[in-house]
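Letter by letter, the chains look like this.
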Amino acid sequence: MSTHSQPLTVAVVGATGVVGRTMIQVLAERQFPVGELRLLASGRSAGSTVSAAGRTMTVEEATPEAFAGIDIALFSAGTDVSRQLAPEAAARGCTVVDNSNAWRMEPHVPLIVSQVNPGDGEWHEGIIANPNCSTMQLVPVLMAIRDTVGIDRVVVDTYQSVSGTGAEALAELESQIRAHVAGEPKVANVYPHPIAFNVLPEIDVFLDNGYTREEWKVVTENRKILGLPDLRISCTAVRIPVFVSHSEAVHVETRDAITPERARRLFAAVPGVVVQDDPAEHDYPLATEAAGHDEIYVGRVRSDVSIGDDRGLAFWVVSDNLRKGAATNAVEIAETLRDRDWIRPASARGTRPYQALGVAEATA
Ligand SMILES: NC(=O)c1ccc[n+]([C@@H]2O[C@H](COP(=O)([O-])OP(=O)(O)OC[C@H]3O[C@@H](n4cnc5c(N)ncnc54)[C@H](OP(=O)(O)O)[C@@H]3O)[C@@H](O)[C@H]2O)c1
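Engineer: Can you walk me through a negative patch on the surface in this structure?
Structural biologist: Among the surface-exposed residues, Asp278, Glu281, Asp283 and Glu289 lie close enough to one another that they form a single negatively charged patch. With respect to the secondary-structure elements, Asp278 resides in the loop between β11 (273–275) and α7 (287–290).

Laid out in structure tokens, this is it:
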């Protein structure tokens with residue numbers, strides 16, 4: 001059955017969250033051909049309304065049965081919900097674009113950044129994964145280096161906004177700022193320490209190897225999407241008191257020599273990447289300016305003097321984590337699936353027993 005020409009029944013799972021609301025907004029902005037839009041969240045929100053993209057819509061509880069008749073579902077309700085409900089949705093013929101960590105590293109699940117590997121959508125078996133937001137803004141830039149002078153090693157340190165944690169973290173930063181101004185104690189519930197006026201080198205849980213899970217996502221997801229399973233890459237992920245947009249300081253050791261000028265040209269040629277790099281005018285990517293936009297901004301491009309023979313690059317990458325880092329890329333994947341006729345009912349793609357796989361390890 002071709003899906004190319006007809007409006008689709010679309011579900012947003014986690015529709016009351018910051019990413020879910022952004023998904024609704026982006027679907028409308030990009031005029032995705034939605035015939036019917038179903039908003040799903042936990043039982044706590046069933047019957048409540050969400051206002052987005054100029055409409056007010058009622059939320060239903062996300063249950064396995066709720067996915068009957070849905071063509072495509074954009075999941076953004078956390079790893080546990082995705083692990084439980086995405087296979088249920090897929091088994092009912094729904095194609096899932098999942099924004100959580102549940103399925104990204106499963107070999108049979110495509111992990112897609114829209115301008116890097118959209119073709120991987122062809123081999124989906126019901127679930128397609130959207131990368132972590134820190135990975136998302138880095139891969140298109142690294143792709144430009146991979147395809148020209150080659151990559152030997154990458155070191156990335158992230159400066160991540162609180163919206164990456166969700167709605168509660170946005171409220172916590174706001175309340176801690178107010179408490180500070182009022183001279184009151186800053187109460188921390190979401191993070192282990194106050195985030196206001198602070199810098200926390202801890203995102204997600206610590207793993208046995210000393211990295212955090214967020215850092216390890218950057219390592220493993222970049223390798224998978226770039227098709228470089230042995231890529232030498234390391235990350236330190238840091239939470240900072242910014243509301244929206246993640247920033248990253250990136251150091252790349254290249255295989256062949258490259259000048260900053262050539263790197264800027266290569267970056268600018270990647271769809272969705274904007275080079276903003278005029279230090280003399282204090283012009284470089286900023287979190288506040290990237291917020292609300294879909295582009296990935298790159299600046300401060302220079303030779304890394306710690307690496308000889310012009311084989312080192314250092315640069316700064318900023319993007320809105322709720323848009324390109326989550327919602328926009330998910331909608332772009334949905335557009336590709338629709339345009340290329342890859343939204344297939346279960347009968348046309350076979351059914352994989354996702355529940356039987358060792359997905360519990362996917363969170364590590
Ligand atoms: N924020 C980002 O920048 C970002 C980027 C990439 C990926 N992600 C991923 O996106 C997901 C959501 O993030 P967020 O920032 O939007 O979080 P959030 O603001 O805390 O929203 C969480 C959403 O999940 C829903 N939910 C919770 N438990 C549920 C359940 N048992 N059944 C159905 N729905 C349930 C919530 O519904 P209720 O209101 O009913 O509780 C809410 O809609 C996470 O997996 C996160 O890792 C986030």
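Engineer: Please explain helix α8 (residues 323–339) as it appears in this structure.
Structural biologist: Counting along an α-helix, one turn takes 3.6 residues, and residues three or four places apart therefore face a common direction. Between its terminal C-alpha atoms α8 stretches only 21 Å, short of the 24 Å expected from 17 residues at 1.5 Å a residue. At Asn329, α8 is bent by approximately 35°, the largest bend along its length. The buried fraction of α8 is high, at 16 of 17 residues. Just past α8, the residue Asp341 takes up positive phi, approximately 65°.

Engineer: Would you mind showing me how to read unusual backbone geometry here?
Structural biologist: Most peptide bonds take the trans configuration, and most residues that are not glycine carry a negative phi. In this structure, Ser245 takes a positive phi of about 95° despite not being glycine. Here Ser245 is to be found in the loop between β9 (232–239) and β10 (246–254). Here Arg300, not a glycine, exhibits a phi torsion of approximately 55°, which is positive. Its place among the elements puts Arg300 in strand β12 (residues 296–303).

Engineer: I tried to follow the state of the cysteines on my own but got confused; where do I start?
Structural biologist: Structurally, a disulfide amounts to a covalent bond that connects the sulfur atoms of two cysteines. Evaluation of the coordinates by the stated rule reveals zero disulfides. We note that Cys235 lacks a disulfide partner, and the nearest cysteine sulfur, in Cys133, lies 11 Å from it.

Engineer: Mind showing me how you'd approach the site of the ligand here?
Structural biologist: In the neighbourhood of the ligand, 26 residues make up the surrounding shell, with Thr16, Ser42, Arg44, Ser45 and Ser163 lying closest. Between the ligand and Gly17, the relevant distance is 3.0 Å, taken from an oxygen atom to a main-chain nitrogen or oxygen of the residue. In this structure, Ala167 approaches the ligand through a main-chain N or O atom, which is 3.0 Å from an oxygen atom. Computed on the free molecule, the ligand has an accessible area of 890 Å², of which 77% lies beneath the protein chains in the complex. Residue composition of the shell around the ligand, by class: 11 nonpolar, 14 polar and one charged.

Engineer: Quick question: what am I supposed to make of the pairing of strand β1 (residues 8–13) here?
Structural biologist: Side chains on a regular strand alternate between the two faces of the sheet. Of all six residues making up β1, six are buried, and the element is well covered by its neighbours. Because side chains alternate across β1, one face comprises the buried residues Leu8, Val10 and Val12, and the other comprises Thr9, Ala11 and Val13, equally buried. Where β1 and strand β2 (residues 34–41) come together, six bridges link them in parallel fashion. The residue of β2 that forms the bridge with Thr9 is Glu36. For the segment spanning β1, helix α1 (residues 18–29) and β2, crossover handedness is right-handed. Taken together, the four bridges between β1 and strand β5 (residues 72–75) define a ladder with parallel strand orientation. Counted as the bridge partner of Val10 is Ile72 from β5.

Analysis parameters
Residues numbered from 1 in each chain as written. Predicted model: local features only at pLDDT ≥ 70, side-chain atom pairs only at ≥ 80, totals over all residues. Heavy atoms only, no water. Patch = residues over 30% accessible without salt bridge, like charges linked within 9 Å, V, L, I, M, F, W, Y side chains within 5 Å. Areas by Shrake-Rupley, 256 points an atom, 1.4 Å probe, with all protein chains shown as cover. Salt bridge = Lys/Arg side-chain N within 4 Å of Asp/Glu carboxyl O. Lys, Arg positive; Asp, Glu negative; His and termini not counted. Charge placed at Lys NZ, Arg CZ, Asp CG, Glu CD. Helix = DSSP H or I, 4+ residues; strand = E, 2+ residues; numbered from the N terminus. Expected span 1.5 Å × (residues − 1). Bend = angle between axes of the 7 residues up to and from the residue. Buried < 20%, exposed > 50% of the residue type's maximum accessible area, 1.4 Å probe, protein only. Disulfide = S-S within 2.5 Å. Near = heavy atom within 4 Å. Polar contact = N/O pair within 3.5 Å; in protein donor to acceptor, adjacent residues only side chain to side chain. Nonpolar A, V, L, I, M, F, W, Y, C, P; charged D, E, K, R; others polar. Pairing = 2+ DSSP bridges. Right-handed = clockwise from strand over helix to strand, strands pointing away.

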